[in-house]
Amino acid sequence: MNKKIKLLALLVFLLVGFSYGCISNTNTSTTSTVSEKPKVLTISTTTSLYDTGILENVVAPIFKEKYNIELRFIPKGTGGAILDAKSGASDAILVHALSKEQAFMEEGYGVNRKVFAYNFFVIVGPKDDPAGIRGLSVTEALKKIVEYGRAHPDQLVWVSRDDGSGTNTKEIALWKNAGFEFEALKNESWFGTTGSGMGNTLLYTSERNAYTLSDIGTYLKYQKEGKINLDVLVDKGEELINVYAIIIINPEKISGKDFEGAMFLAEWLTSEEGQKAIAEYGKDEFGRPLFYPAVPVLKSQEGEVFKWILKYGFMKDGDKYTECPEKFRYKPTYDFFEFPASVVEG
């Protein structure tokens, strides 16, 4: 009898232990799900966004907390960001050069483009402004810089990024509007290039006491930190508007990309929460935001800036202007702004 009791006790012990082990394993599995390592989303971005700190200091931490997705950035000019995306390095791009963006999408690489922010380009230069451009229109300022540069051929007067970036694309267009060809100007002795990002170009321009074109966000950050000694000399004119967009990598063109995660990022950037974060960044430190949220302007459909965003940041699609033409839409989870062409063209 004692043997039977002992055997029964052993069986009960084993059954209890087995049951406890199952429960323990289930609990461990649940804990693992809760503390699951975040996915990683790789974003190719223009340096004028990255250098201001908004991506790493604001966007990345909020997005990680909300979606458990870690953002990793590859900061280059728009041209470099596009090349990286074509090679399969990123899941989405943050850029600001409409012509390059459209070409990227026409080649089949990008879908579901959304405009999320804007600010302005500025011409910055020495405080004593030897070329005398302060307060002039962009076109008149560039003409004066060429005149001054040609009168001082042994002096570095203008510094260009010359890196295929969105800022460089805008600069080339501004020179053309003023009656000059960028490639020809590059051969003149007073005209210098860095082939580098916005921050490095500002540092070099300040060091050489010259002029350059900058986005206002990077300029304000570097000026506030005491890294440069340059004044904003020209900041007026619709052609100086700087429109930022996110483009998702087309999963049918490049496989293995996190399309869903990239779409989450586009949704968040244009959400009320994302737009508020953009509007607030820089206000306390610089007395003004470094970027402005685009969605409220597009919703209101009022003011000059609204028309400027459409003119310089939207794509023509038949009889309308849209942030993403229909042929570039792929399983979208959000709507796209589009307006009659008459709003822009009159």
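**Q** Just checking my understanding: could you explain empty space enclosed by the protein for this structure?
**A** If a probe as big as a water molecule is rolled over the atoms, it shows which places are left empty. In total, this model carries one cavity of 30 Å³ or more according to the counting rule given. Estimated volume of the largest cavity: approximately 70 Å³. Lining the largest cavity, in full, are Leu49, Ile54, Leu55, Val59, Leu94, Phe116, Ala117, Leu269, Ile278 and Phe291. When residues of the lining of the largest cavity are traced back to their parent elements, those giving at least two are helix H3 (54-67) and strand S4 (110-125).

**Q** What is the right way to read the layout of surface pockets from this model?
**A** Taken as a whole, the largest pocket spans an internal volume of roughly 330 Å³. Taken together, 20 residues form the lining of the largest pocket, with Ala97, Leu98, Thr169, Lys170 and Tyr312 sitting closest to its centre. Elements represented by at least two residues in the lining of the largest pocket include exactly helix H5 (98-106), S4, helix H7 (166-177), strand S9 (241-249) and helix H15 (303-313). Broken down by element, the lining of the largest pocket gets its largest block of residues, six residues, from H7.

**Q** Even after reading the chapter, I still don't get the confidence of the model for the chain, so can you show me in this structure?
**A** It should be kept in mind that the predicted coordinates are not to be read in detail where pLDDT is low. Mean pLDDT for the chain: 90, with 90% of residues reaching 70 or above. Considering only residues more than four positions removed or in separate chains, one finds that residues 1-34, a stretch of pLDDT under 50, has zero contacts.

**Q** Explanation requested: H3 in the structure shown.
**A** Quick reminder: α-helices carry 3.6 residues per turn. Residues three or four places apart thus point the same way. With 14 residues, H3 ought to run about 20 Å at 1.5 Å a step, and its terminal C-alpha atoms sit 18 Å apart, in line with that. Of all the bends found along H3, the most pronounced is centred on Ala60 and spans about 30°, while Pro61, a proline, follows it within four residues. Considered for burial, the residues of H3 that qualify are Ile54, Leu55, Val58, Val59, Ala60 and Phe63. Buried residues in H3 make contact with strand S1 (39-46), helix H2 (47-50), strand S2 (69-76), strand S3 (92-95), helix H11 (259-269) and helix H12 (272-280). Just downstream of H3, Asn68 is the residue with a positive phi angle, here 55°.

Parameters and conventions
- Residues numbered from 1 in each chain as written.
- Predicted model: local features only at pLDDT ≥ 70, side-chain atom pairs only at ≥ 80, totals over all residues.
- Heavy atoms only, no water.
- 1 Å grid on protein atoms, 1.4 Å probe; cavity = no way out; pocket = protein on both sides within 12 Å on 5 of 7 lines; lining within 4 Å.
- Points joined across faces, edges and corners; volume = space filled by probe spheres on them.
- Helix = DSSP H or I, 4+ residues; strand = E, 2+ residues; numbered from the N terminus.
- pLDDT = per-residue confidence, 0-100.
- Contact = heavy atoms within 4.5 Å.
- Expected span 1.5 Å × (residues − 1).
- Bend = angle between axes of the 7 residues up to and from the residue.
- Buried < 20%, exposed > 50% of the residue type's maximum accessible area, 1.4 Å probe, protein only.

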